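An overview of the molecular structure
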Amino acid sequence: MMSHSPKPSTGGGNLDLNSLTDHLRDSLSSFEANKPDFRELDLGSPVSPLRTRGGLITTTTVTATTSSSSSSSGSASGTQNPLHKPNNSNHSGELSNSSESSPTASAKKAQPGHSRSDSLTHSGQFGSQSAVNSPLTGNVLPTGNICPSGRILKTGMGMANRSAKADVLGSGTANYGHGSIMRGGGSAKCANSDAVNSASRNAWSVRVGGVDPEELKKTGNEMYKKGCFGEALGLYDKAIALAPGNAAYRSNRAAALMGLGRVVEAVKECEEAVRLDPNYWRAHQRLGALLIRLGLVESAWKHLCFPGQRLDPVELQKFQLVEKHLSKCSDARKVNDWNGTLREAEASIAAGADYCPQLFMCRAEALLKLHQLEDSELSLSKVPKLEPYAKFLQTRFFGILSEAYLFLVQAQIEMALGRFENAVAAAEKAGQIDPRNVEVAVLLNNVRLVARARTRGNDLFKSERFTEACSAYGEGLRLDPANSVLYCNRAACWFKLGSLERSIDDCNQALRIQPNYTKALLRRAASYSKLEKWADAVRDYEVLRRELPDYNGVAESLFHAQVALKKSRGEEVYNMKFGGEVEEVLGFEQFRAAISLPCVSVVHFKSSSNVHCKQISPLVDTLCVRYPSINFLKVDMEEHPAIANAENVRIVPTFKIYKNGNRVKEIVCPSHDVLEHSVRHYSI
């Protein structure tokens, strides 16, 4: 490769080495008159030889080589001028491979004159330079950059730790011209040094603090592929902190947020990526997919159909299915086809709109209208909880602003559950959000009137004005004919007035709307007992006993209803007492009659001389008190061997459990826990 030396222009043309030396010596006569005002280092002009404190006159010159190795590494080699001794204090206008740690490095011979550099090739790659440009490397300052008053920067200081920070182009302000190199995006300690061109800094800063954001992104991608979305998110956050203007990092962060179920945050990240780079089609595609999951099909289509890119067939199919089912769901709701509404809402969710709160609320509303209150309440608890999102909040579902629709359905469910104050609060919020919507306004008015009627009815009932209370509850039912609480309250009024058939009718209406309404079932059972419809009463009390196993009032009512039913059939009843002590069996006929009762009977076969029987007997007494609906008996095998032989009992203690005359379980020598668990199981 060829090597080039700068060619100084000196008035008379090209000079040979001897004439140039004579010329430099002659210039020393005017040195004292023209030297700069920086006396600490006593340095001369950048274009004149340097003089040390000891009086030695030295000069250092450089020849830049443009071989393939030097151009890629940015290094410069030099040789010592044969006429002068090397000097450790090189000024900023010279290129040298010397440093403070190696001050004796040699320099190649070159012409002593030089010109200020006007051009720069970045990334540490330099080619051959013209006669007017000083050769540069990635580790030195451009030739001719000096501070005011002739103060010269040390080149050795600029070479000590250059690999730690990236080179940045200066902005051309203060004493630094365009093309000056600044360290790590910072500025030199000069006046107006903060004015650094931000575009140049972004272009040159590949690494920040020694960390490559691309490496962080690659590591984040690997964690994402492994399903470690939290770790991937942290890495993308770090990459964004280093390069906040990178759209790809924002899009990747959105993917990690999607994996964590933080859909609205993911949407915002995709929107930011699109803002940074409107032509970034992958961010548009990801944003479209997210908007489909939120049920925002119109907004999704704008991003899925990106100009110049083929539409993803999977997302296209998902979009078409969600759009179709949403349209059918809306049509079914308009005509109060709640079965169709429920079917299409669930189909929309299954097709891909699995983060759309309105569809989950629509499903809850349909279940409520179909008198499936428990399922409706359960569906309400599964509605995705999303943070506020402007585009989402301004979208209309079924003609209602999306947020207002959420409160509208919540108000209906709260009222059906008898939480009237909560219903009014939710309806008022819906009215505040969408005050001009007719459906919202009608619901708000009805909720307020129903709540007022229920409060008035309760006050009249407490005052024992049962007829007026019936009228008040009836007024509420005219406004909300599917309110099970109002039916149950009116049934209580009819019961107090002795209108038992009317009480049963209102309880039936309440149970039709809410099948597991315990209070309505209890009032109906009491009405059946008053009417001596014992079979119906026993049926209701048995259901209540399963639902309220620890409620002794239900157990006692069930026992008396069972006894009354047995008597009404002409059957003989031996045990007329509810709860109390364990009944001792004195004969075979008594035993047969006891286990044939329409209830659960527990028989303890024991022996007065057996230690284990003595230890477990106190527990049997305790269980008898705890479970009064169960008929407890005890048989002494030594006194009544015929009963033991008939029941094939050989070991004591043995417990046998009977239900309606049939043996359902046998336990031999049980532990306390096993016996108690079995009794509790059959008491329900």
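Think of each chain on its own: its residues are numbered from 1, step by step along the sequence as written. Owing to the predicted nature of the model, reporting of local features is limited to residues with pLDDT of at least 70; listing and counting of side-chain atom pairs is limited to 80 or more, with chain, interface and lining totals taken over all residues. The side-chain figures draw on all heavy atoms in the structure; neither hydrogens nor water molecules are used.

1. Focus on the overall build of the chain
By the criteria applied, helices consist of DSSP H or I runs no shorter than four residues and strands consist of E runs no shorter than two, each listed in order from the N terminus. Secondary structure assignment for the chain yields 29 helices and 13 strands. Each residue's exposure class comes from its accessible area (1.4 Å probe, protein chains only) as a fraction of the maximum for that residue type: buried when under 20%, exposed when over 50%, partly exposed otherwise. Taking all 684 residues of the chain together, 46% fall into the buried category. Relative to all contacts within the chain whose residues are 6 or more apart in sequence, the contacts with residues 24 or more apart total 59%. In the structure as shown, the chain presents an accessible area of about 34,900 Å², 50% of it carried by carbon and sulfur atoms. When checking whether two residues touch, look at their non-hydrogen atoms; a contact exists if any pair is within 4.5 Å. Accessible surface area values rest on a Shrake-Rupley calculation with a 1.4 Å probe, where residue burial reflects the displayed protein chains alone.

2. Concerning the pattern of salt bridges
For this document, the term salt bridge refers to a Lys or Arg side-chain nitrogen within 4 Å of an Asp or Glu carboxyl oxygen. Overall, the coordinates contain 25 salt bridges when judged by the stated rule. Here Arg-343 makes a salt bridge to Glu-344, at a shortest N to O gap of 3.9 Å. Judged by its relative accessible area of 10%, Glu-344 falls in the buried class. Here Asp-506 and Arg-490 are joined by a salt bridge, their closest N and O atoms 2.8 Å apart. Of the two residues, Asp-506 sits in helix α22 (residues 500-513) while Arg-490 sits in helix α21 (residues 484-496), which places them 16 residues apart along the sequence. Looking at Asp-506, the relative accessible area reads 6%, which means it is buried. Arg-490 gets classed as buried once you look at its relative accessible area, which sits at 19%. Look at the salt bridges and you will find they share partners, linking Asp-237, Arg-250, Arg-253 and Glu-269 into a network.

3. Comments concerning the sheet that holds strand β11 (residues 631-636)
Two strands form a pair only when DSSP identifies at least two bridges running between them. If you walk across this open sheet you meet the 5 strands as β9-β11-β10-β12-β13, and the pairing is mixed. The strands lining the two open edges of the sheet, one partner per strand, are β9 (583-584) and β13 (662-668). Across 6 bridges, strand β10 (residues 600-606) lies against β11 in parallel orientation. From the neighbouring strand, Lys-606 faces β11, where its bridge partner is Asp-636. Only the stretch in contact is used when a helix axis is fitted, and all axes are lines through C-alpha atoms; the angle between N-to-C directions ranges over 0 to 180 degrees. Across the sheet, helix α29 (residues 672-683) lies against β10, β11, β12 (654-659) and β13, angled at about 165 degrees from β13, the strand it touches most.

4. Quick look at the pairing of β11
Burial analysis of β11 places 5 of its 6 residues in the buried class, which makes it a mostly covered element. Assessed by its sense of winding, the connection that carries the chain from β10 through helix α27 (residues 611-626) to β11 is right-handed. When the strands point away from the viewer, a crossover counts as right-handed if the route from the first strand across the helix to the second turns clockwise.

5. So, α29
By definition here, a helix of n residues has an expected span of 1.5 Å times n minus one. The terminal C-alpha atoms of α29 lie 17 Å apart, and with 12 residues this matches the ideal 16 Å at 1.5 Å per residue to within 8%. Taken residue by residue, α29 has Leu-675, Glu-676, Ser-678, Val-679 and Ser-683 as its buried positions. The arc that holds the buried residues of α29, viewed along the axis, is 160 degrees, so those residues lie on one side. In this structure, the buried residues of α29 make contact with α24 (534-547), β10, α27, β11, β12 and β13. The directions from the helix axis to the C-beta atoms are what the arc is built from.

6. Description of the environment of Leu-460
Here Leu-460 is to be found in helix α19 (residues 438-462). Taking the C-alpha atoms as reference, Leu-460 lies 8.9 Å from Cys-470; in sequence the two are 10 residues apart. In this structure Leu-460 touches Arg-465, Glu-468, Ala-469 and Ala-472, once residues within four positions along its chain are discounted.

7. Some words on the packing of aromatic side chains
By convention, a stacked pair of Phe, Tyr or Trp rings (six-membered ring in the case of Trp) has centres within 6.5 Å and planes under 30 degrees apart, an edge-to-face pair has planes over 60 apart, and any other such pair is tilted. On inspection of all chains with the given rule, the structure shows 8 aromatic pairs. Their ring planes at 40 degrees and their centres at 6.4 Å tell us that Phe-588 and Phe-591 sit as a pair that is tilted. Of this pair, Phe-588 and Phe-591 are both found in helix α26 (residues 588-595), 3 residues apart, which corresponds to roughly one turn of the helix. Residue classification places Phe-588 among the partly exposed residues on the basis of a relative accessible area of 33%. Given a relative accessible area of 0%, Phe-591 falls into the buried group. Through a chain of ring-to-ring contacts, three or more aromatic side chains come together here, namely Phe-588, Phe-591, Phe-605 and Tyr-658. Geometry around Trp-494 places Arg-502 over its ring, the cationic atom sitting 4.6 Å from the centre. Working rule: Lys NZ or Arg CZ, within 6 Å of ring centre, within 35 degrees of ring normal, means a charge sits over the ring.

8. Remarks on the nonpolar core
Among the buried residues, those of types Ala, Val, Leu, Ile, Met, Phe, Trp, Tyr and Cys that are joined through side-chain atoms within 4.5 Å form a nonpolar core. Counting 100 residues, the largest nonpolar core has Tyr-405 and Tyr-541 as its most contacted members. In this view, Tyr-405 contacts Arg-333, Gln-358, Met-361, Cys-362, Glu-365, Phe-398 and Ile-400; residues no more than four positions away in its chain are not counted.

9. Concerning the confidence of the model for the chain
Confidence in the prediction for the chain averages 73 pLDDT; 67% of positions are at 70 or higher. Each residue carries a pLDDT score, the predictor's own confidence in it, on a scale running from 0 to 100. Low pLDDT, under 50, characterises residues 1-15; the stretch is placed with 20 contacts to residues that sit more than four places away or in other chains.

10. Quick word on the packing of helix α18 (residues 420-433) against α19
At a closest axis distance of 9 Å, the pairing of α18 and α19 adopts a crossing angle of 160 degrees. Our classification of the angle between α18 and α19 gives roughly antiparallel. Where α18 crosses over α19, the two elements pack in a sense that is left-handed. In contact with Phe-420, Glu-421, Ala-423, Val-424, Ala-427, Glu-428, Ala-430 and Gly-431 of α18, α19 contributes Val-440, Leu-444, Val-447, Arg-448, Val-450, Ala-451 and Arg-454. Each angle gets one of four labels, with under 35 degrees taken as roughly parallel, over 145 as roughly antiparallel, 65 to 115 as roughly perpendicular, and the rest as oblique. It is the rotation of the near helix from the far one that decides the hand of a crossing: anticlockwise by less than a right angle makes it left-handed, clockwise makes it right-handed.

11. Brief notes about helix α20 (residues 466-479)
For α20, built from 14 residues, the straight-helix expectation of 20 Å at 1.5 Å per residue is met to within 8% by its first-to-last C-alpha distance of 20 Å. Buried within α20 we find Phe-466, Ala-469, Cys-470, Ala-472, Tyr-473, Gly-474, Gly-476 and Leu-477. The inward-facing, buried residues of α20 abut α19 and α21.

12. Considering the UniProt feature "repeat: TPR" (unreviewed entry) in the chain
UniProt positions are given in the numbering used here, feature names are shortened, and annotations may be inferred rather than shown by experiment. The feature "repeat: TPR" (unreviewed entry), as annotated in UniProt, sits at residues 213-246 and 484-517 in this numbering. Across residues 213-246, the secondary structure splits into 79% helix and 0% strand, with the terminal C-alpha atoms separated by 10 Å. Between the first and last C-alpha atoms of residues 484-517 the distance is 8 Å; the span itself is 79% helix and 0% strand.

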